[in-house]
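Coordinate inspection notes
Here are the chains, one letter per residue:
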Amino acid sequence: MSRSLVAILLVLSAACGGTDLLEPGRFEGNTFIHEGLGIRLPFPEDWVILPPEAQGDMSRGGRELLSGGDPTGGAYASAGAPTSRMLFQVNRYPLGTVQGMNPSLVGAVENISARPQIQTAVDYLQMLQSFLEQGGTPIAFEPIAPSSLLGGQDFAILAVTLRPAADLIIGQVYYARRVDDGIFTIVATTSTPLDWQLMENILTGLVMDR
């Protein structure tokens, strides 16, 4: 588990057909492209793009960590039918090559058309916070920032600090934006200020047309 903390969106993600928002997107070299969302996001050449099968393993690991060690998912096991798709997970290091936290950036999109209680990205992050609070891992939340510019568009932001072990503090930042009937989310996960600076540098390269 210590090789990488996985965003809660991985716990919820599954491949769903339908609109262009739920298409998988693609990588051209180290640049992620999603036509439906109008996204281009370049990653450094030395960062590692996880294949779909590895992303599935990380999802199971994230469920266990966030539920306090219960491999069945605990409070997260009854999340309901999946309506989201993970678009990418990119790690700073290859899996299994570092001890402790492996910094990562994760992108996902969720169809919220069947959730009338969610109208904005802030609503979505409030739901996510409530969901995270059900788990067994000690966690602290910063107030949700309703509007911050990223990739030329407004995103809502939720910052989270997790303490899965006495000697490990992990930071996550959730960026969320509504596009039509979907919520696009990027989750940055790190444990050091240096890694956070690297992620901020990557995110400055995001271009989003919608």
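This is a predicted model, so every value here is computed, not measured. Position numbers for residues count from 1 along each chain, tracking the sequence in the order it is written. Predicted model: local features are reported for residues with pLDDT of at least 70 only, side-chain atom pairs are reported and counted for 80 or more only, and whole-chain, interface and lining totals are derived from all residues. Here the side-chain values reflect all heavy atoms present in the structure, with hydrogen atoms and water set aside.

Quick look at the packing of aromatic side chains now. Pairs were defined over the aromatic rings of Phe, Tyr and Trp, the Trp ring being its six-membered one, requiring ring centres within 6.5 Å. Orientation was assigned from the angle between planes: stacked under 30 degrees, edge-to-face over 60, tilted for the rest. The final tally for this structure, using the stated rule, is five aromatic pairs. Ring centres of Phe32 and Phe88 lie 4.9 Å apart, and the angle between their planes is 55 degrees; this geometry places the pair in the tilted category. One end of the pair, Phe32, is in strand β2 (residues 31-34); the other, Phe88, is in strand β5 (residues 84-91), with 56 residues separating them in the sequence. We call a residue buried when its accessible area falls under 20% of the maximum for its residue type, exposed when it is over 50%, and partly exposed in between, using a 1.4 Å probe and counting protein chains only. Looking at Phe32, the relative accessible area reads 1%, which means it is buried. Aromatic rings pair up to connect Phe27, Phe32, Phe43 and Phe88 into one cluster. Where helices and strands are cited, they refer to DSSP runs of H or I of at least four residues and of E of at least two residues respectively, numbered from the N terminus.

The next thing to look at is the pairing of β2. Two faces belong to every sheet, and in a regular strand the side chains alternate between them. Covered by surrounding structure in β2 are Thr31 and Ile33 together with Phe32 and His34, the residues of both alternating faces. Strands pair, by our definition, only if DSSP identifies at least two bridges between them. Relative to β2, strand β1 (residues 26-28) is paired through three bridges, and the arrangement is antiparallel. Counted as the bridge partner of Phe27 is Phe32 from β2. Two successive antiparallel strands, β1 and β2, enclose a turn made up of two residues, where Gly29 displays a positive phi of approximately 65 degrees. Hairpin connection between β2 and strand β3 (residues 39-42): a loop of four residues separates the two successive antiparallel strands, and Gly38 in this loop has a positive phi of roughly 65 degrees.

Before going further, it helps to spend a moment on helix α3 (residues 121-132). Each residue after the first adds 1.5 Å to the expected span of a helix. With 12 residues, α3 extends 16 Å between its outermost C-alpha atoms, agreeing within 8% with the 16 Å of an ideal straight helix rising 1.5 Å per residue. Every buried residue of α3 is listed here: Ala121, Tyr124, Leu125, Leu128, Gln129, Phe131 and Leu132. The buried residues of α3 occupy an angular sector of 160 degrees when the element is viewed end-on, so they sit on one face. Each C-beta atom gives one direction from the helix axis, and the arc is the one those directions make.

With that out of the way, let us pick up the sheet that holds strand β12 (residues 207-208). Read across the sheet, four strands follow the order β1-β2-β3-β12 without closing on themselves; strand pairing throughout is antiparallel. Looking at strand neighbours, the two that pair on one side only are β1 and β12, the edges of this open sheet. With four bridges connecting them, β2 and β3 associate as antiparallel partners. By the bridge assignment for β3, His34 is matched with Ile39.

This paragraph deals with the nonpolar core. Among soluble globular proteins, nonpolar side chains are generally buried collectively. For the purposes of this section, nonpolar cores are sets of buried Ala, Val, Leu, Ile, Met, Phe, Trp, Tyr and Cys residues that join through side-chain atoms within 4.5 Å. Core analysis: the biggest nonpolar cluster contains 27 residues, and Leu37, Ile39, Phe43, Leu105, Tyr175 and Phe184 have the highest contact counts within it. Where this core is concerned, the elements lending two or more residues are β3, β5, β6 (104-111), β9 (153-165), β10 (168-179), β11 (182-190) and α4 (193-203). With near-sequence residues (within four places) excluded, Ile39 lies in contact with Phe32, Ile33, His34, Phe184, Leu206, Val207 and Met208. The next biggest cluster of nonpolar side chains, apart from the first, holds 20 residues, and it includes Met101, Leu125, Val160 and Ile170. Contacts are residue-level and defined by heavy atoms, with any inter-residue pair within 4.5 Å sufficient.

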